[in-house]
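One letter stands for each residue in the lines below.
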Amino acid sequence: MKRLTMLIGTIVVSCLVLFGIRKNFETAAAGDPQTIIVYNWGDYIDPELITQFEQETGYKVIYETFDSNEAMLTKIKQGGTNYDIAIPSEYTIHKMVEENLLEKLDYSKIKGMEHIDPRFLHQSFDPENAYSIPYFWGTLGIVYNKKVYPEGTISEWRDLWNPDLKDSILFIDGAREMMGIALQTQGHSLNEKDEAIVKEAGKFLKTLMPNAKAIIADEMKTYMIQGEANIAVTFSGEASKMLSENEDLAYVVPSEGTNLWFDNIVIPKTVGNKEGAYAFINFMLRPEIAAKNAQYVGYATPNKDALALLPEEITSDESFYPSEEAMEKMEVYENLGTDLLSLYNDLFLEAKIFRN
């Protein structure tokens, strides 16, 4: 996801420097058989794995980043760059299939699917996994400072409406996420399609805005780590990084339920190097590679055989690898369709304007 507004870096040049890419981008965009172009969220892969992949396969990798599913979708629809691999989120995958933007996967060329936990296959956005393979998964929850808010005092989405939290909370800048919180707090699905209920949730969301310290993206991690804010709504992987650098922080998945999100690997129709794309997929499916990537990124891996290679302190933490019981209350984002999605976006924008 994450996955969306939570990730670092949208500037291509900086990513090229980060990964030491030496190929000319324009040549690669034309479909260089020795180069693959990966389109991913920023800071969403261990840079050492890029180097290892290049050394093992002989391919050169151009790693371009996006900061939202919508930006990624627009760029791929525009064409012009031969993206070989992309990592969209679940509801976007469904939309890309509808718009014929993805290649159907050739499983005769894929090695390692047996490592993927069956729980994360055959999801509603791609029931046969005909177009996508799980990359990372996680939840949306609340990070808070235990010294300021004793453990147990924040356990529900509803707790965020406490008037004592005025001007205190960092909110994620995402319509689906924030509208979902309002809907679930009121006992509805975060995929609610009844417009009257959605509009009522939009009004309810406005009543949360006095408690906002800021509605931001990448800066949230720094603010929480440095103690410049004490409570935030964010994704589990971002929370993991915050907790690793500030022992006073804790992460909770609200008891009302939350979003269970998936980011999957796909091959766009823009692909210029199919063989390279399948080589990359097979590389990322290897348990030792998936484990190394999970430790670097901080999100939960769907690779069941990679779990055995991760420290028990990570895999036993139910905040990041929730129990089956907890997962029963979680929902995967569905593709709402253009009109309904516009309504969600408009209501969230109104709430942000109302705050100001």
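Quick caveat: nothing in here was measured; it's all calculated off a predicted structure. Each chain has its residues counted from 1, following the order in which its sequence is written. Given that this is a predicted model, residues contribute local features only at a pLDDT of at least 70 and side-chain atom pairs are listed and counted only at 80 or more, while totals for whole chains, interfaces and linings are drawn from all residues. Just so you know, side-chain values use all the structure's heavy atoms and leave hydrogens and water out.

Peer 1: Provide a residue-level description of the overall build of the chain, including the pertinent values.
Peer 2: Only DSSP runs of H or I reaching four residues or more are called helices, and only runs of E reaching two or more are called strands; each is numbered from the N terminus. When helices and strands are counted, the chain shows 15 helices and nine strands. Its C-alpha radius of gyration of 20 Å places the chain within 12% of the 21 Å reference for a compact globule of 356 residues. Taking the principal axes of its C-alpha atoms as reference, the chain extends roughly 60 × 45 × 35 Å. Only protein chains enter the accessibility calculation, which uses a 1.4 Å probe. A residue is then buried if its area is under 20% of the maximum for its type, exposed if over 50%, and partly exposed in between. Across the 356 residues of the chain, 56% fall into the buried class. Here, two residues are considered to be in contact whenever any of their heavy atoms come within 4.5 Å of each other. The long-range share in the chain, meaning contacts at least 24 apart out of those at least 6 apart in sequence, stands at 78%. Atoms counted for the radius of gyration: C-alpha only. Globule rule: 2.2 Å times the number of residues to the power 0.38.

Peer 1: Give a description of the packing of helix α7 (residues 195-206) against helix α15 (residues 338-355) that names residues and reports values.
Peer 2: Helix axes use the C-alpha atoms of the stretch in contact, all axes being lines fitted to C-alpha atoms, and the angles between their N-to-C directions lie in the range 0 to 180 degrees. It is the contact of α7 with α15, at a shortest axis distance of 9 Å, that shows an interaxial angle of 20°. Taken as axis vectors, α7 and α15 run roughly parallel relative to one another. You can see that α7 and α15 cross each other, and the crossing is right-handed. Facing α7, whose interface residues are E195, V198, K199, G202, L205 and K206, α15 presents L340, L343, Y344, L347, F348, E350, A351 and F354. The cut-offs work like this: below 35 degrees is roughly parallel, past 145 is roughly antiparallel, 65 to 115 is roughly perpendicular, and the gaps in between are oblique. Definitions for this section: a left-handed crossing has its near helix turned counterclockwise from the far helix by less than a right angle. A right-handed crossing has that turn clockwise.

Peer 1: Could you give an account of helix α5 (residues 90-98), with specific residues and numbers?
Peer 2: Among the residues making up α5, those that are buried are E90, Y91, T92, I93 and M96. Of the surrounding secondary structure, the elements contacted by the buried residues of α5 are α4 (69-78), α6 (175-185) and β9 (260-265). Immediately beyond the C-terminal end of α5, within one or two residues, lies N100, with a positive phi of roughly 55°.

Peer 1: Please provide a residue-by-residue account of the side chain of H115, values included.
Peer 2: Mapped onto the secondary structure, H115 falls in the loop between α5 and β4 (133-145). If sequence neighbours within four positions are ignored, H115 has contacts with L285, P287, P302, N303, K304 and D305.

Peer 1: Any chance you could break down the nonpolar core for me, citing the residues and the numbers?
Peer 2: Throughout, nonpolar core names a set of buried Ala, Val, Leu, Ile, Met, Phe, Trp, Tyr and Cys residues whose side chains join them through atoms within 4.5 Å. Residues Y44, L160 and F171 are the most contacted members of the largest nonpolar core, which totals 117 residues. Non-local contacts of L160, meaning those with residues more than four positions away in its chain, are made with I142, L165, I169, F171, L208, N211, I231 and V233.

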